[in-house]
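Structural features, examined
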Amino acid sequence: MQIDWQSYNSGAFHDEMIAGPGMPRPIAAGLAGYLASLDERALDEKKLAARLAIKTMGISFTVYSDGQNIDREWPFDLIPRIISGREWETTRRGLEQRVRALNCFIHDVYNDQKVFRDKIIDPALILDSVNFRPQCRGIEPLHRVWAHICGTDLIRDEHGRFMVLEDNLRVPSGVSYMLENRRVTKRVFPELFENHEILPVTEYSQELFDMLASLSPRKQAHPEIVVLTPGIYNSAYFEHSFLAQRMGAELVEGSDLLVENDCVYMRTIGGLARVDVIYRRIDDLFLDPVAFNAESVLGVPGLFGAWVKGNVSLANAPGAGVADDKIVYTYVPDFIKYYLDEDPILPNVPSYRCCNDAERSHVLANLDRLVVKPANESGGYGMLMGHQASAAEREEFAARIKANPRNYLAQPLISLSTVPILGETAAEPRHVDLRPFILQGADSYVTPGGLTRVALVKGSYVVNSSQGGGSKDTWVITGAEDAVAGG
């Protein structure tokens, strides 16, 4: 196979790299020309090098199948995705704006609740949410930040405009794969990094550490930071161990920690060591069997009380998931205006709330043209792709919506942008989304680009790795007014 951009055709979809047959976009001209210059042998060598790098580096993810945990090598595509630095600067500001507003909302919900009194959102939508934690009322975490790490999913529409698809505020995952994608690409295409001004992503681990350190209740040069994992059988365990190693933090399970006098300690061979900050990768309800689920064996008894007393910081804070809800997502533009007195920089995807009678009627009448999502599922599970569903599947989903309208929203099927992947015999267009990661503590940080997830199956809109999707490196390119990438 040798790449021929003349035969590449994304049809009616906006392709981010190739504007038309044989017409690379200016930002991607250098990359497209380089890829086209590689013969079949060279491309095969590059693909083999990538597979060997992934195997050698141990980059894997876990899927659950028939009650078993199966580790698989990370599905990676060689062709980088390119984003203009100028465009990214606007996107970065929009992401920071969004997380600031979300943190204002979460703090308000657990404290003054002005957002209810001013009728910005119906309190029943929040107080009845499965992610609302009444135990968090009256708490004021450091910097008034509840969601310290956010993964916001972006898509491009048919005009190439970035839109927000959803916010992930509980335990957002995937950043390790963003970092590993860059490492693999550098191994396979070192020459490209000499000719392209690509913003680095490798500083994320240090930025994460600095943000977590800014949360320490004890002001000392080297606070004790740990990553709390459910254990090796968790699907994101690779990421937990990866980030702990990169930050120089301890990777711990609940059994490694204990609480005495409302302070958290880690068991070590040298005795107990006090813990200042916990980057927790465990859901709220499993954090502390005293405060939440009494049957949890993953958490630490007394941990919530230590956090309430201000003797340890938790990132993300318990209760932050109240804004990690696809119904709440539809109100974020209102929150930006209400709390920040600003217009949203990044638009939402148009959405219908099934808890609204008129909007629910529209959804039920148009199920064959809409995407219906449950409010609190992730990973692409529990969705209805109306245009692909059978009449029986749509009828079943209609019954679900009628039984629990609060739990569903619907969106039109957006013509997701495409990017090229290396198929078996040619470069082929595939749909993508993007998950940048936003950190907020004393300061804010946004990853340049983020984790690009790509649907490896032709025509599919499903990008999640657990359902057959893959990933690729994401380049934010600056220089020469972002007009031409390299040469």
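The numbering scheme is per chain: residues are counted from 1 as the chain's sequence reads. pLDDT decides what is reported in this predicted model: residues at 70 or higher carry local features, side-chain atom pairs at 80 or more are listed and counted, and totals for whole chains, interfaces and linings draw on all residues regardless. To obtain the side-chain values, all non-hydrogen atoms of the structure were used and water was disregarded.

Attention now goes to the overall build of the chain. The numbering of helices and of strands both runs from the N terminus, where a helix is a DSSP run of H or I of at least 4 residues and a strand a run of E of at least 2. Broken down by element type, the chain carries 14 helices and 25 strands. Here the globule rule is a power law, 2.2 Å times the number of residues to the power 0.38, and the radius of gyration is based on C-alpha atoms. Taken against the 2.2 N^0.38 rule, which gives 23 Å for 487 residues, the C-alpha radius of gyration of the chain at 23 Å falls within 12% of a compact globule. Projecting the C-alpha coordinates of the chain onto the three principal axes gives extents of approximately 70 × 60 × 50 Å. Counting only residues that meet the buried cut, the chain has 54% of its 487 residues in that class. Here the term buried applies to any residue with accessible area under 20% of the maximum for its type, exposed to any over 50%, and partly exposed to those in between, with areas from a 1.4 Å probe on protein chains only.

Next up on the list: the sheet that holds strand β16 (residues 370-374). By definition, two strands form a pair when at least two bridges between them are found by DSSP. Here four strands make up an open sheet; going across it, the order is β15-β18-β16-β17 and the pairing antiparallel. At either margin of the open sheet sits one strand with a lone partner, and together these are β15 (352-353) and β17 (384-385). Bridging between β16 and β17 involves two bridges; their strand directions are antiparallel. What sits directly across from V372, in β17, is L384.

Right, let's talk about the domain arrangement of the chain for a bit. Domain annotation of the chain identifies domain 1 (5-87 + 174-200 + 421-486), domain 2 (218-311) and domain 3 (352-412). A separation of 38 Å is found between the C-alpha centroids of domain 2 and domain 3. Domain segmentation is taken from an automatic or database assignment of domains.

Take the buried residues of types Ala, Val, Leu, Ile, Met, Phe, Trp, Tyr and Cys, join any two whose side-chain atoms come within 4.5 Å, and each joined set is a nonpolar core. Among the nonpolar cores identified, the biggest contains 71 residues, and F105, I106 and I278 are the most heavily contacted of them. Per-element tally for this core: the top contributor is helix α3 (residues 85-109), with eight residues. If we skip the residues at most four places from it in the chain, I278 touches V226, L228, L257, V264, L303, V312, S313, L314 and A315. Any pair of residues with heavy atoms lying within 4.5 Å of one another is described as a contacting pair.

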